[in-house]
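Single-letter residue listing:
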Amino acid sequence: STAQIGVTGLAVMGRNLARNFARNGYAVAVHNRTPARTRALVEEFGGEGEFVACESAKEFVAALERPRRLVVMVKAGEPTDAVIQEFAPLLEPGDMIIDGGNAHFADTRRRERELREQGIHFVGMGVSGGEEGALNGPSIMPGGPKESYDSLGPMLEKISAKAADGSPCVSHVGPDGAGHFVKMVHNGIEYADMQLIGEAYQLLRDVAGYSPAQIAEIFRTWNQGRLDSYLIEITAEVLSHVDAETGKPFVDVVVDQAEQKGTGRWTVQIALDLGVPVSGIAEAVFARSLSGHAALREASRGLAGPTAKALSESEARAFADRVEQALYASKIVSYTQGFHEIDAARDEYGWDIDLGAVSALWRGGCIIRAAFLDRIRSAYDTRPDLPSLLSDATFAQEIADAQDDWREVLIAATREGVPTPGFAAALAYYDALRAERLPAALTQGQRDYFGAHTYRRVDRDGSFHTLWGGDRSEVSA
Ligand code: NDP
């Protein structure tokens, strides 16, 4: 037994993760259901470090030093269970199975429970950064038992991305499914970020009249400021790309129907169960679904819209500045909602997740990496019990400064008929949170009227019901 870590499942992610371990000086046992992949890895990249190619599960397990660290990088769902069933009987108490796939956190909780009985440490590990990140440094979100991190953590810290201050983008997130949960919310926030950027693009194009190339320049400028992030950077790249075949902007030759793999949808489904309003993420998921309804969109193309009004050059420039404000404010809100969901999961599952640490490990390697995350981290470090990111004085002030422009952008979007569900949901959330009174009081009245669901009063304790069908006197419920 010579290998310090093993990777089974050698498609793009597993192969690159194995290479990353090897390049960092670890001896890596590699295994794949179809052995051809294992052989190909060693043939192609054997020179990068020390690989131990294993054809059988038995060979693989025997190659690992104890306690064994066995990383599973296979298709999420049934394949992951199949692989666990194959390996678990060959392992001993104290060994670790580390699932780096995109598992649903509920599956991770179940697997952790089942393997715990056998004394095996099961670590559900979120990995973000795609293929490139897996090779050169991903953001890593490991859950599972804390003691497993003592032996696994230093290796993960070595292969992970590093933030601008040099600290590794990995830390123990929390027990059982906490790591996969946080990875899921990361993806939900990614959906919201992408939707907001898409809306900003559409507004700059349809309201301000800029070309994709001009918008790419605007995004490049934004990327020098507080919006500095990977997603803004790649947006500029995509928008400035020209299709070689037609000479048209690339963005104009791509079918405008967005696909999704499911983690955004999970984020919303779980938020509904937890009762957390992640409206920005939900709108992003819905916007992708709407885009895909081609026949419905075709049938609706004749519906009436407003007559567009052209902006002068100086008006367009001023509008672009406003869109930056709206984008930034909406972004603060979507992170606020995402962190609320993690906070609610802490209560629901008894996880001791440190929200500041979560924002810190998203600073490098992952898709939502951004300068902005340093600020979220300092907000939570200053006040770990922050009720919401919007309660942080700095963020509150930035939104206060942005809100006039944010509202103006939504007025323009509405006037010109440009759909901006992300910006609008974010502003509605902000206005609802700060409202003195909400129409929820009326909702309670209606519920009491038709269903005797009772209500509470502002001036004394207890539950009450009004005899709506009778003399409308009030009774204690
Ligand atoms: P895939 O999700 O395409 O999975 C392919 C791998 O799974 C192959 O090694 C395949 O083996 C193995 N596999 C499938 N079914 C079984 C089974 N029943 N028993 C044993 N092995 C099986 O590969 P990716 O590299 O794209 O992703 C790996 C994991 O990482 C997934 O869970 C994915 O969601 C997650 N992930 C992916 C990211 C990405 O950007 N692609 C980013 C972050 C996480 P074989 O060669 O024998 O078919």
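Residues numbered from 1 in each chain as written. Predicted model: local features only at pLDDT ≥ 70, side-chain atom pairs only at ≥ 80, totals over all residues. Heavy atoms only, no water.

Thoughts on the overall build of the chain
Cut-off, in case you're wondering: To qualify as a helix, a DSSP run of H or I must reach at least 4 residues; to qualify as a strand, a run of E must reach at least 2; elements of each kind are numbered from the N terminus. Only C-alpha atoms enter the radius of gyration, while the globule expectation follows 2.2 Å times N to the 0.38, with N the number of residues. Here's how the labels work: a residue is buried when its accessible area is under 20% of the maximum for its type, exposed when over 50%, partly exposed in between, all with a 1.4 Å probe on protein chains only. For this analysis, residues touch if any pair of their heavy atoms sits within 4.5 Å. Per-residue and other accessible areas were derived by the Shrake-Rupley procedure at a 1.4 Å probe size, with only the shown protein chains allowed to occlude residues.
Counting its regular elements, the chain contains 20 helices and nine strands. Its C-alpha radius of gyration of 25 Å places the chain within 12% of the 23 Å reference for a compact globule of 477 residues. Its C-alpha atoms give the chain principal-axis dimensions of roughly 75 × 70 × 45 Å. Here the chain holds 477 residues, and the buried ones make up 49% of them. Sequence-distant contacts, at least 24 apart, represent 65% of the contacts inside the chain between residues at least 6 apart. Summing over all exposed atoms, the chain offers an accessible surface of approximately 22,300 Å²; the carbon and sulfur share of this is 51%.

What about the environment of tryptophan 222?
Structurally, tryptophan 222 is set in helix H9 (residues 212-222). Given a relative accessible area of 8%, tryptophan 222 falls into the buried group. If we skip the residues at most four places from it in the chain, tryptophan 222 touches Ala200, Leu204, Leu227, Asp228, Ala320, Val323, Glu324 and Leu327.

Quick look at the site of the ligand
Quick note on the threshold: Residue proximity to a molecule or strand is established when one non-hydrogen atom of the residue lies within 4 Å of it. Nitrogen and oxygen atoms within 3.5 Å of one another constitute a polar contact, given that in protein one can donate a hydrogen and the other can accept it, and given that sequence-neighbouring residues count only through two side-chain atoms.
The environment of the ligand is made up of 19 residues, and the closest members are Met13, Asn32, Thr34, Arg37 and Val74. The separation between an oxygen atom of the ligand and a polar side-chain atom of asparagine 32 is 2.8 Å. Arginine 37 has a polar side-chain atom sitting 2.6 Å from an oxygen atom of the ligand. Expressed as a share of its isolated accessible area of 900 Å², the protein-covered part of the ligand is 78%. If you list the elements that add at least two residues to the shell around the ligand, you get helix H1 (12-23) and helix H4 (78-87).

Considerations on the layout of surface pockets
Condition: Note on definitions: the grid is 1 Å and covers protein atoms alone; a cavity is a set of points where a 1.4 Å probe fits but cannot get out; a pocket is an open set with protein on both sides within 12 Å along at least five of seven lines; lining residues have an atom within 4 Å of a point. Grid points are joined across faces, edges and corners, and a volume is the space filled by probe spheres set on the points. In this count, Pro and Cys sit with the nonpolar residues alongside Ala, Val, Leu, Ile, Met, Phe, Trp and Tyr, while Asp, Glu, Lys and Arg are called charged and the others, Gly among them, polar.
A volume near 320 Å³ is recorded for the second largest pocket. A per-element tally of the lining of the second largest pocket places helix H20 (residues 440-451) first, with three residues. Considered class by class, the residues forming the lining of the second largest pocket number four nonpolar, one polar and five charged.

Details of the sheet that holds strand S4 (residues 69-72)
Our working rule: Strand pairing is assigned whenever DSSP detects at least two bridges linking the two strands. Here, axes are lines fitted to C-alpha atoms. For helices the fit covers the stretch in contact, and angles between N-to-C directions go from 0 to 180 degrees.
Strands sit in the order S3-S2-S1-S4-S5-S6-S7 across an open sheet of seven strands; the sheet is mixed. A strand with exactly one partner marks an edge of an open sheet, and here the two such strands are strand S3 (51-53) and strand S7 (139-142). Across the sheet, the axes of successive neighbouring strands diverge by a mean angle of 25 degrees, strand direction being ignored. Across three bridges, the pairing between strand S2 (residues 28-31) and S3 is parallel. The partner of valine 28 across the bridge, within S3, is phenylalanine 51.

Let's talk about the packing of aromatic side chains
The geometry of an aromatic ring pair comes down to the distance between the two centres and the angle between the two planes. Stated formally: Note on aromatic pairs: the rings of Phe, Tyr and Trp (six-membered ring only in Trp) are paired at centre separations within 6.5 Å, and the planes decide the class, stacked below 30 degrees, edge-to-face beyond 60, tilted for the rest. Criterion for a charge above a ring: Lys NZ or Arg CZ within 6 Å of the ring centre, and within 35 degrees of the ring normal.
Evaluated as defined, the whole model comprises 16 aromatic pairs. Seen in terms of ring centroids, phenylalanine 339 and tryptophan 362 are 5.6 Å apart; in terms of plane orientation they differ by 55 degrees. Their pairing is tilted. Separated by 23 residues along the polypeptide, phenylalanine 339 in helix H15 (residues 313-349) and tryptophan 362 in the loop between helix H16 (355-361) and helix H17 (372-382) bring together distant segments of the chain. Comparing phenylalanine 339 with tryptophan 362 shows no difference in burial state: the two are buried. Judged by centre distance (5.2 Å) and plane angle (45 degrees), the rings of tyrosine 449 and tryptophan 468 are tilted. Placement of tyrosine 449 in helix H20 and of tryptophan 468 in the loop between strand S8 (464-466) and strand S9 (474-476) is noted, with a sequence separation of 19 residues between them. By relative accessible area, which is 51% here, tyrosine 449 ends up exposed. Through a chain of ring-to-ring contacts, three or more aromatic side chains come together here, namely Phe105, Phe181, Tyr349 and Trp351. Its end group placed over the ring of tyrosine 328, arginine 226 keeps NZ or CZ at 4.1 Å from the ring centre.

Here's the deal with the state of the cysteines
Inclusion rule: By disulfide we mean two sulfur atoms from cysteines, separated by a distance within 2.5 Å.
A complete count under the given rule lists zero disulfides for this structure. The thiol sulfur of cysteine 169 is not disulfide-bonded, and the nearest other cysteine sulfur, from cysteine 366, lies at 7.2 Å. The exposure class assigned to cysteine 169 is buried, which follows from its relative accessible area of 0%.

Remarks on the UniProt feature "domain: 6-phosphogluconate dehydrogenase C-terminal" (unreviewed entry) in the chain
Here is the rule: UniProt positions are given in the numbering used here, feature names are shortened, and annotations may be inferred rather than shown by experiment.
When the UniProt feature table is mapped onto this chain, "domain: 6-phosphogluconate dehydrogenase C-terminal" (unreviewed entry) is found at residues 179-469. Across residues 179-469 one finds 66% helix and 1% strand; the C-alpha atoms that close the span lie 53 Å apart.

Description of the side chain of aspartate 95
Mapping aspartate 95 onto the fold places it in the loop between H4 and strand S5 (96-99). A relative accessible area of 0% places aspartate 95 in the buried class. One polar contact links aspartate 95 to arginine 66, side chain to side chain, over a distance of 3.4 Å. Aspartate 95 has contacts with Arg66, Pro67, Arg68, Ile120 and His121, leaving out every residue within four places of it along the chain.

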